[in-house]
Amino acid sequence: MKDIIQKVIEHEAKAISNIPIGDGFVEAIKLIYEQVHQKNGKLVASGMGKAGQIALNIATTFSSTGTPSVFLHPSDSQHGDLGVIQNKDILLLISNSGKTREILELVDLADNLHPGLPLIVISGNPESVLAKNANAFIYTGNPNEVCPLGLSPTTSTTVMTVIGDALVVSLMNKIKFTSKDYAKRHHGGDLGDKSRMQSENSK
């Protein structure tokens, strides 16, 4: 059993180290900064299934670190929730295949509501329609899933999470986000206590 666990960890670590650091990262950071911090829009993250859970995590982490962001479920967007999107926003869409029907439909619906919104795509398929329509495309490297069936989103979602972390940390550095700023957004729990303590110590 420990051998299996070790192999899983090694597989995931290798996939992370093989994430291609392309121009898509730089362009994504530039677009998010322009839309959110210069034009006062927000980041709208979306994905279906497991990718959606990663999109939710990215959105909440962005919000807590100074870049206003929300998660929009692609199915709920077809039942009124599309209204959360405004004309200065930017979309961050996650789809491993780049073919997720609900995400492709979301792109069309959002463009019908507010034409020309910038689009960031995180995917393992650079040849997909979704990727080719992106203003910034971030390639996951399309790693093989560590799942013994090769089906369940495991390694792909690990890589997506790390890509999200890279974007968040890059924006934190760009906007010079401090522990004082963090404390204003995260009052409760141990993290709230730590951020306030750091803010006091930095005075």
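Predicted, not measured: the structure shown is a model, and the values here were computed from it. (Residues numbered from 1 in each chain as written. Predicted model: local features only at pLDDT ≥ 70, side-chain atom pairs only at ≥ 80, totals over all residues. Heavy atoms only, no water.)

Caption draft 1: A look at the overall build of the chain. Looking only at helices and strands, one finds eight helices and five strands in the chain. Taken from N to C terminus, the helices and strands of the chain fall in the order α-α-β-α-β-β-α-β-α-β-α-α-α. Against the globule reference of 17 Å for 203 residues, the chain gives a C-alpha radius of gyration of 18 Å, in line with a compact fold. With respect to the three principal axes, the spread of C-alpha positions in the chain is 55 × 50 × 30 Å. Expressed as a percentage of its 203 residues, the buried residues of the chain come to 42%. In the chain, the share of contacts with a sequence separation of at least 24, taken over all contacts with a separation of at least 6, comes to 69%. Carbon and sulfur atoms make up 52% of the accessible area of the chain, which totals about 10,900 Å². Of the charged side chains in the chain, 19 are positive and 20 negative; the average position of the first set lies 6 Å away from that of the second. (Helix = DSSP H or I, 4+ residues; strand = E, 2+ residues; numbered from the N terminus. Rg over C-alpha atoms; globule rule 2.2 N^0.38 Å. Buried < 20%, exposed > 50% of the residue type's maximum accessible area, 1.4 Å probe, protein only. Contact = heavy atoms within 4.5 Å. Areas by Shrake-Rupley, 256 points an atom, 1.4 Å probe, with all protein chains shown as cover. Lys, Arg positive; Asp, Glu negative; His and termini not counted. Charge placed at Lys NZ, Arg CZ, Asp CG, Glu CD.)

Caption draft 2: The packing of aromatic side chains, seen in detail. Counted under the stated rule, the structure contains two aromatic pairs. Ring plane angle 80° and centroid distance 6.5 Å describe the contact between Phe 177 and Tyr 182, whose orientation is recorded as edge-to-face. For Phe 177, a relative accessible area of 14% corresponds to the buried category. (Phe/Tyr/Trp six-rings, centres within 6.5 Å; stacked < 30°, edge-to-face > 60°.)

Caption draft 3: A look at the pairing of strand E5 (residues 136–139). By the alternation rule, side chains of E5 split into Ala 136 and Ile 138, which are all buried, and Phe 137 and Tyr 139, of which none is buried. In this structure, strand E4 (residues 119–123) lies alongside E5, joined through four bridges in parallel fashion. Looking across to E5, one finds that Ser 123 is bridged to Tyr 139. (Pairing = 2+ DSSP bridges.)

Caption draft 4: View of the pattern of salt bridges. Scanning all chains against the criterion turns up four salt bridges. Put simply, Arg 101 and Glu 102 hold a salt bridge, and the shortest N to O gap is 3.1 Å. Among the ionic pairs, Lys 132 bridges to Glu 127, the shortest N-O distance being 3.4 Å. Since its relative accessible area comes to 56%, Lys 132 is described here as exposed. (Salt bridge = Lys/Arg side-chain N within 4 Å of Asp/Glu carboxyl O.)

Caption draft 5: Representation of the sheet that holds E4 in the model. Across the sheet, which stays open at both edges, the five strands sit in the order E2-E1-E3-E4-E5 with parallel pairing between neighbours. Each of the sheet's edge strands pairs with one partner strand only, and the pair in question is strand E2 (69–71) and E5. Ignoring which end each strand starts from, the neighbouring axes of this sheet average 20° apart. Sheet topology note: the strand E3 (residues 90–94)/E4 ladder contains four bridges and is parallel. In the sheet register, Ile 94 faces E4, and the bridge partner there is Ile 122. Taken strand by strand, helix H2 (residues 23–38) contacts strand E1 (43–47), E3, E4 and E5, and its axis lies near 135° from that of E5. Sheet strands touched by helix H6 (residues 155–174): E3, E4 and E5. Its angle to E5, the strand with the most contacts, is close to 130°. (Axes fitted to C-alpha atoms, helices over the stretch in contact; angles between N-to-C directions.)

Caption draft 6: View of the pairing of E1. With five of five residues buried, E1 is to be regarded as a mostly interior element. Taking every second residue as pointing to the same face, both faces of E1 are buried, with Leu 43, Ala 45 and Gly 47 on one and Val 44 and Ser 46 on the other. With three bridges joining them, E1 and E2 adopt parallel strand pairing. Bridge assignment links Leu 43 to a residue of E2, and that residue is Ser 69. Here E1 pairs with E3 via five bridges, running parallel. Within E3, the residue paired with Ala 45 across the bridge is Leu 92.

Caption draft 7: Structural view of the nonpolar core. Counting residues in each nonpolar core, the largest one holds 29 residues, and the members touching the most others are Ile 32, Phe 62, Ile 94, Ile 120 and Ile 138. Every residue in contact with Ile 120, bar those within four places of it in the chain, is listed here: Ala 28, Ile 32, Ile 90, Leu 91, Leu 92, Leu 93, Ala 136 and Ile 138. (Core = buried A, V, L, I, M, F, W, Y, C linked by side-chain atoms within 4.5 Å.)

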